[in-house]
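Here is how the chains run, residue by residue.
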Amino acid sequence: MTQYEFDKLLEKYLQGGCTPEEELLLDNWANRQMEHDTSFLPEEEAKLIKKQLWRRIRRGVLSHSLSITRISWVRWGIAASIVFILSLFFQDIIAPRKSEHLSSKLKHLEHRNTSKKTQTLTLVDGSTVKLQPNSAITYPKKFNRQNRVIYLKGAAFFKVKRDSSRPFIVHTGTLVTEVLGTSFHIKQHEENNTVEVAVVTGKVSVYTIKPEQKDEHNGLILTPNQRVVYDQVSQNIVPSIVENPLQLNTASLSAPKLDFEEASLQSVLDVLSTLYGIEFVISTDQIKDCTITADLNGLSMFTQLELICKSIDASYEKRGTVVFINGEGC
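Calculation rules
- Residues numbered from 1 in each chain as written.
- Predicted model: local features only at pLDDT ≥ 70, side-chain atom pairs only at ≥ 80, totals over all residues.
- Heavy atoms only, no water.
- Helix = DSSP H or I, 4+ residues; strand = E, 2+ residues; numbered from the N terminus.
- Contact = heavy atoms within 4.5 Å.
- Areas by Shrake-Rupley, 256 points an atom, 1.4 Å probe, with all protein chains shown as cover.
- Salt bridge = Lys/Arg side-chain N within 4 Å of Asp/Glu carboxyl O.
- Buried < 20%, exposed > 50% of the residue type's maximum accessible area, 1.4 Å probe, protein only.
- Polar contact = N/O pair within 3.5 Å; in protein donor to acceptor, adjacent residues only side chain to side chain.
- Pairing = 2+ DSSP bridges.
- Axes fitted to C-alpha atoms, helices over the stretch in contact; angles between N-to-C directions.

A. A look at the overall build of the protein. In terms of regular secondary structure, the protein is built from six helices and 19 strands. For the protein, contacts bridging at least 24 residues in sequence account for 47% of all contacts bridging at least 6. For the protein, the computed accessible surface area is about 19,300 Å², with 50% contributed by carbon and sulfur atoms.

Next comes the structure, spelled out in structure tokens:
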């Protein structure tokens, strides 16, 4: 495309007469102008800045710039004015962010696991991170007095040292995981643009912050053996039960007996609920009076459920973080 053709295309765009193909040409040009200066920014923020730039042009910033610079309304002036707007935009928006970014990098450390084995890091507060291969975290050399914030790309297991005055906050893409002291897994799936958070001990708050309203967020609280899968495109947070629930730490309590003899279905489910921290619901009256005789020791939770259901001709169904038991009678 010659300079003359480019100038004409800009003029046509400002008059609202561009075809989608022509707008794509201009969009590619804007991307080339911004690529170098925004390379340090997260992808989503770079996209937002590009939208803001074009919004300024559409709202008449161009004519305002023309009056300041006394550029006449001719084809070559349009191109020069757009470039001038870009320079103002970078000066007002990009330069401060770049300065902030460079300052922040001086105070932060980045660790990338390029090996094929899990690497364990101990943070300054005593928390540990088991970083999976092809993953990376960015964290401060010293946490401030208000919080402990780190950024994760990939997958890791966190065992957080409890500090009630400073929440531990993990940013994974647009998902935020916040705790005071607990252990949990985070895994980012780039192939389907999702993030999974699964709790091992304690409670975890998982939420997303609305880009346009940083003080508002939506999410939920997870407890052991619960997880969420967050879709970064639709921004939906879907809760569920982990694939292999583990028994809770019941050191302060006597271990429940898992060898049942003519025990009611409800009493068996109450024991499993205490053992795994999961809610079980009998959804049909016909099986409430059924009794269970079985030794469930040494089996995984879902294998235990399968044996229970087979013995009373029932089935189980996972709905979110709750398990429902269905059946027509024993």
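From this point on, the discussion continues.
B. Geometry of the pattern of salt bridges. Applying the stated criterion to the full structure yields six salt bridges. Taking the shortest distance from any N to any O, the salt bridge between R227 and E196 comes out at 3.1 Å. Remark: E196 occurs in strand β10 (residues 194–201) and R227 occurs in strand β13 (residues 226–231); sequence separation between them is 31 residues. Each of the two residues, R227 as well as E196, counts as buried.

C. Fine view of the environment of R319. Here R319 lies in strand β18 (residues 314–319). With sequence-adjacent residues up to four places away left out, R319 is seen in contact with F324 and N326. Separated by 3.3 Å, the side chains of R319 and E317 make a polar contact.

D. Spatial organisation of the sheet that holds β18. Spatial strand order, β16-β19-β18: three strands in an open sheet with mixed pairing. Every other strand in the sheet has two partners, leaving β16 (279–282) and β18 as the edge strands with one partner each. Between one strand axis and the next, the sheet turns by 25° as a mean value, whatever way the strands run. Relative to strand β19 (residues 322–327), β16 runs parallel, the two sharing four bridges. In the sheet register, F280 faces β19, and the bridge partner there is V323. Seen against the sheet, helix α5 (residues 265–276) touches β16 and β19 and runs at an angle of roughly 165° to β16. Set on the sheet, helix α6 (residues 301–311) makes contact with β16, β18 and β19; between it and β18 the angle comes to about 145°.

Such coordinate-based values are descriptive only and should not be taken to indicate function.
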